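Commentary on secondary and tertiary structure
Here's the letter readout for the chains.
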Amino acid sequence: MTKITPQPGIMDIALYQGGQSHVAGVEHVIKLSSNENPFGPSPRAIEAVRDSAATLHRYPSTDHASLRAAIGARHGLDPARIICGVGSDEVLQFVAQAYAGPGDEVIYTEHGFSMYPIIARMAGATPVMVAERDRKVDVDAILAAVTGQTRIVFVTNPGNPTSTMISNDELERLALGLPDTCLMVLDGAYAEFVEGFDGGASLVDAHENVIMTRTFSKVYGLGGMRVGWGYAHQPIIDVLNRVRQPFNLSLTALAAAEAAVNDVEFLTFCQAENARLRVWLADQLAKTGVPSDPSCTNFILARFGDQAEAEACDDYLKTQGLIVRRVAGYNLPNALRITVGDEEACRRVVAAITAFKEGAA
């Protein structure tokens, strides 16, 4: 037997489970399990990907200067304080790698993104789960859990898979309540779906121990490209760049992301359609006896009477070619997370769940 053993904590990591893409025996499915943009990427991004093919023999830039400048211009941020990663997941990993280790604690909330405890354990730190209240981040519970060993607090806002969010006032209260030795990480993967929300940029500017992350995987429709970014004060960005691989983003990914962030017209269309359809979807499902919290994202968290009903509905939806996401692993066993698709997909979901509730299953 091999005597080669992994670092402590590695074998405690539960493998991340992505959204299902296929159903055995069903040829034509609509995937609503990964919160992808049903309208795909910007046409400009597609064109940029095609144009990049002729230069695939060239290494990409190591500083991502052009993309950072585009992001800065779009959001009114200093490009020098932006870092880019392979999805926002990699930026979160940079934070844990740089600021947490053995003996340190990393706080995340009960229904928060399942990568947080994985990332903490990758760094050798101890993940600490804090309860939420009615599927919302509970600031008081987080502050009560902070100890002298707490180095990072991960907050998803808006939340995944809850779709809820807390106010800037609550985020400010959390930032003020944390010790100077603790980083507050605002994961804003779904920030673009909230009108007028800056994703936490103003909090970053006001507090030296706050970092904001964003992604191109959701509203920009570039999940297959894997591009994300973070924004923080310069000393933090300087630290994170020291653990970042110099060529972590491909030439094609950089080109696609820059084109996407500059296509404001397509972004606005996607935001408007999502806002319209998520309200309609939630209202129609509520009429069938399946409630959900007001969504601030591109999905709804549909709640059923119990876990058995949620799983039975999921099984029925699969027979209808509709793939949604079970979220028992997020401590929400009686719920299904349903991506807001295009109008046809939303109508099919409503028809199928209506039929299920009426006993057609």
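Given the structure is predicted, the values throughout are model-derived calculations rather than measurements.

As for the pairing of strand β4 (residues 126–130)
Relative to β4, strand β3 (residues 105–109) is paired through five bridges, and the arrangement is parallel. For I107, the partnering residue across the bridge sits in β4 and is V128. Tracing the backbone out of β3, into helix α4 (residues 115–122) and back to the parallel element β4 gives a crossover that is right-handed.

Considering the side chain of H207
Its location among the elements puts H207 in the loop between α7 (201–206) and β7 (210–215). In this view, H207 contacts E172, A175, L176 and H233; residues no more than four positions away in its chain are not counted.

So, the packing of helix α2 (residues 65–75) against helix α9 (residues 251–262)
One can describe the packing of α2 onto α9 by two numbers: an axis separation of 9 Å at closest approach and a directional angle of 15 degrees. The pairing of α2 with α9 is recorded here as roughly parallel in orientation. Crossing hand, α2 versus α9: left-handed. Facing α2, whose interface residues are S66, L67, A70, I71 and R74, α9 presents L254, A257, E258, V261 and N262. In the contact of α2 with α9, the residues fall into six nonpolar, two polar and two charged.

Some thoughts on the packing of aromatic side chains
Applying the stated rule across the entire model yields nine aromatic pairs. Summarising the aromatic geometry, the rings of Y116 and F154 are spaced 4.6 Å apart at their centres and angled 10 degrees between planes, so their arrangement reads as stacked. A residue pair is termed long-range when its members are at least 10 positions apart, and Y116 in helix α4 and F154 in strand β5 (residues 150–156) qualify at 38 residues. Taking relative accessible area as the criterion, F154 reaches 1% and is therefore assigned buried. Ring-pair connections join several aromatic residues into one group, and the members of that group are F39, F266 and F269.

Describing the sheet that holds strand β9 (residues 299–303)
Read across the open sheet, the three strands follow the order β9-β12-β11; overall the sheet is antiparallel. Each edge of the open sheet carries a strand with a single partner, namely β9 and β11 (325–326). Strand direction decides the pairing type here: β11 and strand β12 (residues 335–339), joined by two bridges, are antiparallel. Residue pairing across strands places R326 opposite L336, the latter belonging to β12. Across the sheet, helix α11 (residues 307–319) touches β11 and β12, and the angle it forms with β12 is around 35 degrees.

What counts and what doesn't
Residues numbered from 1 in each chain as written. Predicted model: local features only at pLDDT ≥ 70, side-chain atom pairs only at ≥ 80, totals over all residues. Heavy atoms only, no water. Pairing = 2+ DSSP bridges. Helix = DSSP H or I, 4+ residues; strand = E, 2+ residues; numbered from the N terminus. Right-handed = clockwise from strand over helix to strand, strands pointing away. Contact = heavy atoms within 4.5 Å. Axes fitted to C-alpha atoms, helices over the stretch in contact; angles between N-to-C directions. Parallel < 35°, antiparallel > 145°, perpendicular 65-115°, else oblique. Left-handed = near helix turned anticlockwise from the far one by under 90°. Nonpolar A, V, L, I, M, F, W, Y, C, P; charged D, E, K, R; others polar. Phe/Tyr/Trp six-rings, centres within 6.5 Å; stacked < 30°, edge-to-face > 60°. Buried < 20%, exposed > 50% of the residue type's maximum accessible area, 1.4 Å probe, protein only.

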